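Spelled out from the first residue to the last, the chains are:
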Amino acid sequence: MPNANVTTVLDAARKQEIKEIVCDILEIDEDEVTETSLFKEEHDADSLRAIEILAALERTQNVTIDQAELSRMVNLEGVYVVVAEAAQN
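Let us look at the structure shown here.

## Regarding the environment of Val9
One can find Val9 in the segment before helix H1 (12-26). Under the relative-accessibility criterion, Val9 is labelled partly exposed at 40%. With 57 residues separating them along the chain, Val9 and Asp66 place their C-alpha atoms 19 Å apart.

This is the structure in C-alpha cells:
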C-alpha cells in the first residue's frame, strides 16, 4: 500500500549508509549533498553513475530496484523513497 511517509522505514543509520554510497559513487563529499540537491544538475552525475548507484544499493540494501525507478532517483530524497518502497516488497 502506498504510504506518503514511506521513508520512515529507513532509520538514520540506513539513510547515512545510503548517503555514503551515493557520495562515494558521485565522488563528492557528504557535506556537498543535501536530501534535495539534484545529482545530475548539481553534482554532474551521468546515467552510468545512476546505474552504479542503483546496483550498489541493491547489493548493500538487499533490495531489487527496477531500472524504471532511476527517473525518481534524482536526489537523496528520491533514493530514500525508492529504497524504502523496495524494502517493503
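## Topic: the pattern of salt bridges
For side chains bearing opposite charge, pairing can occur when the charged atoms are close. Tallied over the entire structure, the rule returns three salt bridges. Measuring nitrogen to oxygen at the nearest pair gives 2.6 Å for the salt bridge that ties Glu69 to Arg72. For Glu69, a relative accessible area of 24% puts it in the partly exposed group. What makes Arg72 partly exposed here is its relative accessible area of 34%. Note that Glu85 is salt-bridged to Arg72, the shortest N-O span being 2.9 Å. In this pair, Glu85 sits in helix H4 (residues 76-88) while Arg72 sits in the loop between helix H3 (47-61) and H4, placing the two residues 13 residues apart along the sequence. Look at Glu85 and you get partly exposed, because its relative accessible area is 27%. Through salt bridges with shared partners, a single ionic network connects Glu69, Arg72 and Glu85.

Procedures and definitions
- Every chain is numbered on its own, with residues counted from 1 as its sequence reads.
- Two thresholds apply to this predicted model, a pLDDT of at least 70 for residue-level local features and 80 or more for giving and counting side-chain atom pairs, whereas whole-chain, interface and lining totals are computed over all residues.
- Note that water and hydrogens are dropped before the side-chain values are worked out from all heavy atoms of the structure.
- Note on conventions: DSSP H or I runs of at least 4 residues are helices, E runs of at least 2 residues are strands, and numbering of each starts at the N terminus.
- Accessible area is worked out with a 1.4 Å probe on protein chains only. A residue is then buried under 20% of its type maximum, exposed over 50%, and partly exposed in between.
- Between Lys or Arg on one side and Asp or Glu on the other, a salt bridge is scored when a side-chain nitrogen of the former is within 4 Å of a carboxyl oxygen of the latter.

Spatial relationships are all this shows, so hold off on functional conclusions.
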